[in-house]
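What follows is each chain in one-letter form.
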Amino acid sequence: MEQLIVNGIITGSIIVLGATGLTLTYGILRFANFAHGDLMTLGAYAALTLAGMNLPFGVVFVIAMAFTAAAGILLDTVLYRPLRKRGSIVLLISSIGAALLLRNLVLIIWGPRMRYYSQDIQIAYMMPFGIRIKPDELLIIGIAAALIVLVHIFLKKTRMGKAMRATADNAELAQIAGIDTDRVVMWTWGIGCALAAAAGILLGMEVQLRPQMGWDILLPLFAAVILGGIGRPYGAMAGGIIIGLSQEISTAFISTAYKPAVSFAVLILVLLIRPSGIFGGEGRWS
Amino acid sequence: MVIGGLEGYLIVFLVMSGIFAILTLGLNLQWGITGLFNIGIAGFFAVGAYTSAIITTVQSPDHLGGYGMPFITGILGAGALSGMIAWLVGIPTLRLKGDYLAIATIGIAETIRLIFTNESWLSNGTRGITGIPGPLREVLPHYYYNLFYLLITAAFAGLAFLFIERALHSPWGRVLRTIREDEMMAAATGKDVFHFKMQCLVTGAVIMGVAGGLYAHFIGFISPEVFKPMQFTFLIWVMLIVGGAGNNKGAVLGAVAVWGLWTGTEFLIDALELSTDYQTKAGALRIITISIALELILLLRPEGLLGETKKTFD
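Quick look at the structure, then.

Secondary structure assignment for chain B yields 12 helices and zero strands. Beginning at the N terminus, the succession of helices and strands in chain B can be written as α-α-α-α-α-α-α-α-α-α-α-α. Relative to its length of 314 residues, chain B is compact, with a C-alpha radius of gyration of 19 Å against a globular reference of 20 Å. Judged by the C-alpha coordinates and their principal axes, chain B covers about 55 × 45 × 35 Å. Within chain B, buried positions represent 56% of all 314 residues. Partitioning the intrachain contacts of chain B with sequence separation of at least 6 by distance along the chain shows that 77% fall at a separation of at least 24. Carbon and sulfur atoms make up 69% of the accessible area of chain B, which amounts to about 13,400 Å² in all.

Now the structure itself:
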């Protein structure tokens, strides 16, 4: 059980990063971006190419995040912005198209086979309570924690961070208060997609790289976002850990194949009991 | 599949188009008319296909079954179970904003795929179910059987078409369209929005389940791999949006046109005899093309080929 909790925290760290980015774009742009998982995939594969150039790990990480942020902003400019006034469901449909587009571009550029950042076999550290944890996994938890602290500082201390929170809370009011919403939208895409890239790289480190990897984790991401309340980054962080833990702990009782279904079950429970999320204030009823 | 030459191929193409037309009509009822966002079509289709297969096949050690019931019982069962699952999905989501239904339908489709992949006792896992009988398949020669099946499919497609067309112009359909345009107004005029949405979601899912059953009996084999969930669902969405959401003729036209393009390009890729790696990449290119086509339609011609015919008064 202790081991499962540790595994849950590792999975949870990855989900937290993905879900925080997703909830920011969801809250500020007011639509469920189904391409978020595939932006994770794009970031992970970009890092694979950069790692092939023998760049240091930190540099690879930062460039891949910047690249994915640019891709997200581009996607918004050519596709989402012209559709924005047509409502959230049209945006949702177009994001599914964008998701398939990105996934298949990745498949064409990098091929359909599984890829790894490193072929080395890692020796797990032995921890108290018989817990085994690999160096990479410690790194995953460390990087996720560091990025979350950075996001926290950005949201609380910078003007743009405050503007983003204000826009997520009430877009009209923010605009009246003189906030430049176009710039907020751009920053939201930038940060959301950079976090997606980070999540994608960590997922690639923990498992492997596949063109389908980001899509397969999308359901847990949405479960975490809704659990935490849409547009609430701190909720998404808590939601991510809860989903990660419930997915891993469920393997003690049911087949590991059903991990994605577990996050779906949690999602349905939340929708039945408290649809605005455990940290959501006002209900978002229709 | 090229058994009876070009004509034989055409018949197979038409049967498949008919099955896709039924799916697109079901989606038109849910999305085009009522505005319900279902992206779990592959799940309802799979439930229909497996249900009908299990009801009609003879005893097999590989999966649940041995009921050996007639074709029509299978199809009815397919629709019934698919509708029941839609009802279960509707309970937690239909009172909420549209995107919750979208996320939940993706979740149910994924869960259904996981169940059919992992529960071997039920569905024989990834190996799938073989030997699904078709009506009069033993009696008729292959060519005539396909022709006969085309008639059956056309009958079901016609039934779905007439039903939705009739519903569209009934008071029921008017309430559904009002819900799509302005939910508050529908509620304000005393309509129980939740129940109308539920009826629409379930009816659409019954239609999709029936399509799944028709598919299973035509091909005779199903496995979880048949329904690459997102690709399949996306294709049907493209069919409806290309054809024109809200218009039943558009839904049918979109299904035939997009299915023609889809299989046509597949045929082309097969004919090129590429290596496996390039074949996968060519397949990816096909999906990219169709995604771009969808985005262009959304941006430039949102009403599709045939838009909804708007009437001010019925």
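All names here are of chain B. In the structure shown here, the tally under the stated rule is nine salt bridges over all chains. Here Asp99 ties to Lys97 by a salt bridge, and the two come within 4.0 Å at their closest N and O atoms. In this structure Asp99 comes out as buried when scored by relative accessible area, which is 2%. Overall, the relative accessible area of 28% leaves Lys97 in the partly exposed class.

Each partner contributes residues to the interface: chain A has 42 residues there, and chain B has 43 residues. Both faces considered, chain A and chain B share a buried interface measuring about 3,900 Å² in area, 78% of it formed by carbon and sulfur atoms. Taken together, the connections running from chain A to chain B amount to five residue pairs in polar contact (both at pLDDT 80 or more). Within the residue set of the side of chain A that touches chain B, elements represented by two or more residues are α3 (57-83), α4 (88-110), α10 (218-228) and α12 (259-273) of chain A. Ranked by the residues each element gives to the side of chain A that touches chain B, the list is headed by α4(A), at 14 residues. Considering only residue class, the side of chain A that touches chain B consists of 35 nonpolar, five polar and two charged.

In this section: the packing of aromatic side chains. All names here are of chain B. Taken as a whole and judged by the stated rule, the model has 19 aromatic pairs over all chains. Ring centres of Phe45 and Phe232 lie 4.7 Å apart, and the angle between their planes is 40°; this geometry places the pair in the tilted category. Residue Phe45 is found in helix α2 (residues 41-56), and its partner Phe232 is found in helix α10 (residues 229-243); the two are separated by 187 residues along the sequence. Phe232 shares its class with Phe45; the two are buried. Each member of the aromatic cluster is reached from another via a ring pair, and the members are Phe20, Phe45, Tyr215, Phe232 and Trp259. A cation over an aromatic ring shows up here: Arg95 above the ring of Phe194, its NZ or CZ 3.8 Å from the ring centre. Just above the ring of Trp262 sits the side chain of Arg286; from NZ or CZ to the centre is 4.0 Å.

A surface patch of positive charge is lined by Lys156(A), Lys157(A), Arg159(A) and Lys162(A). Listing elements by their share of the positive patch, those giving two or more residues are α5 (135-157) and α6 (159-169) of chain A.

What follows covers the side chain of Ser123(B). Residue and element names in this part refer to chain B. Its location among the elements puts Ser123 in helix α5 (residues 120-123). Owing to a relative accessible area of 0%, Ser123 belongs among the buried residues under this scheme. Engagement of the side chain of Ser123 in a polar contact is seen with the backbone oxygen of Phe116, the distance being 2.7 Å. Dropping the residues within four chain positions of it, Ser123 is found in contact with Tyr50, His63, Ile115, Phe116, Gly128 and Ile129.

Another point: the environment of Ala35(A). All names here are of chain A. Structurally, the position occupied by Ala35 is in the loop between α1 (2-29) and α2 (36-52). Exposure remark for Ala35: the relative accessible area of 0% places this residue in the buried category. As for Ala35 and Leu83, which are separated by 48 residues in sequence, their C-alpha atoms are 15 Å apart.

Cut-offs used in this document
- Residues numbered from 1 in each chain as written.
- Chains lettered and ligands numbered in written order.
- Predicted model: local features only at pLDDT ≥ 70, side-chain atom pairs only at ≥ 80, totals over all residues.
- Heavy atoms only, no water.
- Helix = DSSP H or I, 4+ residues; strand = E, 2+ residues; numbered from the N terminus.
- Rg over C-alpha atoms; globule rule 2.2 N^0.38 Å.
- Buried < 20%, exposed > 50% of the residue type's maximum accessible area, 1.4 Å probe, protein only.
- Contact = heavy atoms within 4.5 Å.
- Areas by Shrake-Rupley, 256 points an atom, 1.4 Å probe, with all protein chains shown as cover.
- Salt bridge = Lys/Arg side-chain N within 4 Å of Asp/Glu carboxyl O.
- Buried area = accessible area lost by both parts, 1.4 Å probe.
- Polar contact = N/O pair within 3.5 Å; in protein donor to acceptor, adjacent residues only side chain to side chain.
- Nonpolar A, V, L, I, M, F, W, Y, C, P; charged D, E, K, R; others polar.
- Phe/Tyr/Trp six-rings, centres within 6.5 Å; stacked < 30°, edge-to-face > 60°.
- Lys NZ or Arg CZ within 6 Å of the ring centre and 35° of its normal.
- Patch = residues over 30% accessible without salt bridge, like charges linked within 9 Å, V, L, I, M, F, W, Y side chains within 5 Å.
- Lys, Arg positive; Asp, Glu negative; His and termini not counted.
- Charge placed at Lys NZ, Arg CZ, Asp CG, Glu CD.

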